[in-house]
Amino acid sequence: MASIFTHAIAAGALGTVRYPKKEVFKYFALGIFCSAFPDIDVLAFKLGIPYEHPFGHRGFFHSLIFSYLQGLFIVRVFYSDLAFATRRSMTIGFYFFCCGVSHSLLDAMTNGGMGVAFFAPFDNTRYFLPWRPIEVSPVDISSFFGHWGIRVLKSELYYVMVPSLLLVLGSFGIRKFRSK
Ligand SMILES: [Zn+2]
């Protein structure tokens, strides 16, 4: 996995592209949640489920279908006042979907572990992107506090945090330009 900080930063940056005027904190908090939740599947290791299993780490919980279901669930539960399949509910749901997918894409850009089962449960093939500059983050959190963690944060700084900052600046810059 990429580190949880990076998943959160990427989700926050994505949210700046378009966000509702009301309940902004809720919107971003839920987006960050959607970007972090797929790693719940590290519990599979504790349950004795192998990495390569469809419900192993980077399996179903990292799939496009899961990101879709997660987005749908979040909208139905936390935006229950919105009618189903309206433009507004779909726009908000699409953001939560993108947050989940951003997690899977960032994992697929790491240089370790197994690939991501993007198409589970229909196809359990694990995929990496052709470009994998991100140092893989340790599953065991204690290993993060040391040289490995510094290497991870350094690679994420270049390949995730700086692009995220540019996205935020670009989003606000375009908005400001349009409002003139
Ligand atoms: Zn992950």
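Calculation criteria
Residues numbered from 1 in each chain as written. Predicted model: local features only at pLDDT ≥ 70, side-chain atom pairs only at ≥ 80, totals over all residues. Heavy atoms only, no water. Helix = DSSP H or I, 4+ residues; strand = E, 2+ residues; numbered from the N terminus. Buried < 20%, exposed > 50% of the residue type's maximum accessible area, 1.4 Å probe, protein only. Contact = heavy atoms within 4.5 Å. Areas by Shrake-Rupley, 256 points an atom, 1.4 Å probe, with all protein chains shown as cover. Lys, Arg positive; Asp, Glu negative; His and termini not counted. Charge placed at Lys NZ, Arg CZ, Asp CG, Glu CD. Donors = N, O, S within 2.8 Å, 3.2 Å for Na, K, Ca; no water. Tetrahedral: all angles 85-135°; square planar, octahedral: opposite > 155°, others 65-115°. Core = buried A, V, L, I, M, F, W, Y, C linked by side-chain atoms within 4.5 Å. pLDDT = per-residue confidence, 0-100.

This brings us to the overall build of the protein. Scanning the protein from terminus to terminus reveals six helices and zero strands. Going from the N terminus to the C terminus, the protein shows its helices and strands as α-α-α-α-α-α. Summarising its shape, the C-alpha atoms of the protein cover approximately 50 × 35 × 30 Å along the three principal directions. For the protein, with 180 residues in total, the buried portion stands at 42%. Within the protein, counting contacts between residues at least 6 apart in sequence, those at least 24 apart form 61% of the total. For the protein, the computed accessible surface area is about 10,200 Å², with 73% contributed by carbon and sulfur atoms. On the protein, the mean spot of the 17 positive side-chain charges and the mean spot of the 10 negative ones are 15 Å from each other.

Here glycine 113 is to be found in the loop between α5 (87–107) and α6 (147–179). Taking C-alpha positions, glycine 113 is 38 Å from isoleucine 174, a pair spaced 61 residues apart along the chain. If near-sequence neighbours (up to four positions away) are discounted, glycine 113 is found in contact with Tyr51, Arg58 and Phe128.

Turning to the coordination of the zinc ion, a few remarks are in order. Summarising the metal site, the zinc ion is bound by the protein donors Asp39 (OD), His62 (NE2), His103 (NE2) and Asp107 (OD), whose distances to it range over 1.9 to 2.2 Å. Around the zinc ion, the four donor atoms are arranged such that angles at the metal cover 92 to 161°; this shape is classified as irregular. Each donor residue of the zinc ion belongs to the same chain, and together they define the spacing D-x22-H-x40-H-x3-D. One end of the pair, aspartate 39, is in the loop between α2 (24–36) and α3 (43–46); the other, histidine 103, is in helix α5, and 64 residues separate them in sequence. Of the two residues, aspartate 39 and histidine 103, both sit in the buried class.

Counting 13 residues, the largest nonpolar core has Tyr27, Tyr79, Ile92, Tyr95 and Phe96 as its most contacted members. Contributions of two or more residues to this core are made by α2, α4 (64–78) and α5. Ignoring any residue separated from it by four or fewer positions in sequence, one finds tyrosine 79 in contact with Glu23, Lys26, Tyr27, Leu30, Ile74, Ile92 and Phe96. If you look at the next biggest cluster of nonpolar residues, it comprises five residues, including Ala10, Leu106, Ile134 and Val160.

A negative phi angle is the norm for most residues apart from glycine, just as the trans form is the norm for most peptide bonds. Residues alanine 120 and proline 121 are joined by a peptide bond in cis, for which omega reads 5°. Along the chain, proline 121 turns up in the loop between α5 and α6. Of note, glutamate 23 is a non-glycine position whose phi angle comes to about 55°, a positive value. Positive phi, normally seen in glycine, also occurs at arginine 58, with a value near 65°. Tracing the backbone shows arginine 58 in the loop between α3 and α4. With relative accessibility at 0%, the residue arginine 58 sits in the buried group.

What follows concerns the confidence of the model for the protein. On average, residues of the protein score 93 in pLDDT, and 98% of them reach the 70 mark or higher. Highest mean pLDDT in the protein belongs to α4 (98); lowest belongs to α6 (92).

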